[in-house]
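Chain by chain, the residues run as shown.
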Amino acid sequence: MELTINNVTKSFADKTAVDNVSLSLTPGIFGLLGANGAGKTTLIRMIADILKPDSGEILYNGIPITALDAEYRNIFGYLPQEFGFYPEFRVTDYLEYIATLKGLTKKDTKLRIEELLSQMSLEDVRNKKIKKLSGGTRRRVGIAQALLNNPEILILDEPTAGLDPGERIKLRSLLSEFSQQKIVLISTHIVPDVEYIASINAIMKNGQIIQTGTTEELISEVADKVWECKIDNKDLQKYEQQLQIVNLKNESSDTTLIRYLSSTPMISGSVTVLPRLEDLYLWLFGSKEA
């Protein structure tokens, strides 16, 4: 099972959104990281066969997805950033409608909907109109519809938007279990969503893939560039202007512990600390862009 993106390019007017991207996805979780506007959504819309690339091709098990057509859509699950629904749809109405579009039998539809309502903690809202749900609950309905046909390829665009921390953890656990024999691509700019569950991460910037590897491989680039030290609170504003601060924590009424990125220690008493994927992300993008 392999999804292959070969030298794919897509432009709009005077902007190249995806620039000669090549990737190979096999069973497991693949993280696609990048700031807003990096080209992630355009790339996954081409993988979903919603957009056609200007050049290059996308293949599943060696066959172009355009040739597979309906066969490809039958094994595909997709959660866009914003999924559409009729305003009067209730949760179960919507899931039944999507199941019909995906060709599920009535028996399979009923069993699958009950299973997903439980997994996504939607039992209490099964008869509520989607338009009246909170953003996080609506997002869980979107994830449920993407999983309805038990797809071989699952693409999720910013899946945790609006989810609370508990819901995010539950979703990560669900995806980790689901991905054992499936291809799962998570497109996000929220680093913790993929840091611990993705087998491989790709970092996208300005339409190009600039880094690919496991979390351990990627963070090795900033292994000696992450520092921590305590500073006087009166100096915090000065250092915020001078340094790329990743995190800070009040230690007392007078001192703050800061974590910052730099090729060399910039404050006396700084010590190197183990890097995280978020450190690399901020190193590559900068705090404002990220």
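Before reading on, note that the structure itself is shown above.
Below is a summary of the structure that appears in this document. Just so it is clear, the model here is predicted, and its values are computed rather than measured.

1. Digging into the sheet that holds strand β12 (residues 244-250)
Item 1. The strand order across the open sheet built from four strands is β12-β13-β11-β14, with neighbouring strands paired in antiparallel fashion. With one partner strand each, in any of the chains shown, β12 and β14 (271-272) form the two edges of the open sheet.
Item 2. Where β12 and strand β13 (residues 255-261) come together, six bridges link them in antiparallel fashion. Looking across to β13, one finds that N247 is bridged to R259.

2. Description of the packing of helix α4 (residues 91-101) against helix α5 (residues 106-119)
Item 1. The geometry of α4 relative to α5 is characterised by a closest axis approach of 10 Å and an angle of 130° between their N-to-C directions. It follows that α4 is oblique to α5 by the angle criterion. In terms of crossing hand, the pair formed by α4 and α5 is right-handed. In this structure, α4 uses V91, T92, L95, E96 and A99 to contact α5, whose residues at the interface are T109, I113 and L117.

3. A look at empty space enclosed by the protein
Empty space among the atoms becomes visible once a probe the size of a water molecule is rolled across them.
Item 1. What the rule picks out here adds up to one cavity of 30 Å³ or more.
Item 2. Here the largest cavity defines a volume of roughly 30 Å³.
Item 3. If you go around the largest cavity, the residues you meet are P159, T160, L171, R172, L175, I186, D193 and I197.
Item 4. In terms of residue count, helix α7 (residues 165-178) provides more of the lining of the largest cavity than any other element does, three residues in total.
Item 5. Class assignment of the residues belonging to the lining of the largest cavity gives a composition of five nonpolar, one polar and two charged.

4. Let's talk about the sheet that holds strand β2 (residues 15-25)
Item 1. Taken together, four strands build an open sheet; the order of strands is β2-β1-β4-β5 and the sheet is antiparallel. The outermost strands of the open sheet, each flanked by one partner alone, are β2 and β5 (63-64).
Item 2. Sheet topology note: the strand β1 (residues 3-12)/strand β4 (residues 55-60) ladder contains five bridges and is antiparallel. Paired with I5 across the strands is I58, a residue of β4.
Item 3. Contacts between helix α1 (residues 40-47) and the sheet are confined to β1, β2 and β4, with β1 contributing the most and set at about 125° to the helix.

Cut-off values and rules
- Residues numbered from 1 in each chain as written.
- Predicted model: local features only at pLDDT ≥ 70, side-chain atom pairs only at ≥ 80, totals over all residues.
- Heavy atoms only, no water.
- Pairing = 2+ DSSP bridges.
- Helix = DSSP H or I, 4+ residues; strand = E, 2+ residues; numbered from the N terminus.
- Axes fitted to C-alpha atoms, helices over the stretch in contact; angles between N-to-C directions.
- Parallel < 35°, antiparallel > 145°, perpendicular 65-115°, else oblique.
- Left-handed = near helix turned anticlockwise from the far one by under 90°.
- Contact = heavy atoms within 4.5 Å.
- 1 Å grid on protein atoms, 1.4 Å probe; cavity = no way out; pocket = protein on both sides within 12 Å on 5 of 7 lines; lining within 4 Å.
- Points joined across faces, edges and corners; volume = space filled by probe spheres on them.
- Nonpolar A, V, L, I, M, F, W, Y, C, P; charged D, E, K, R; others polar.

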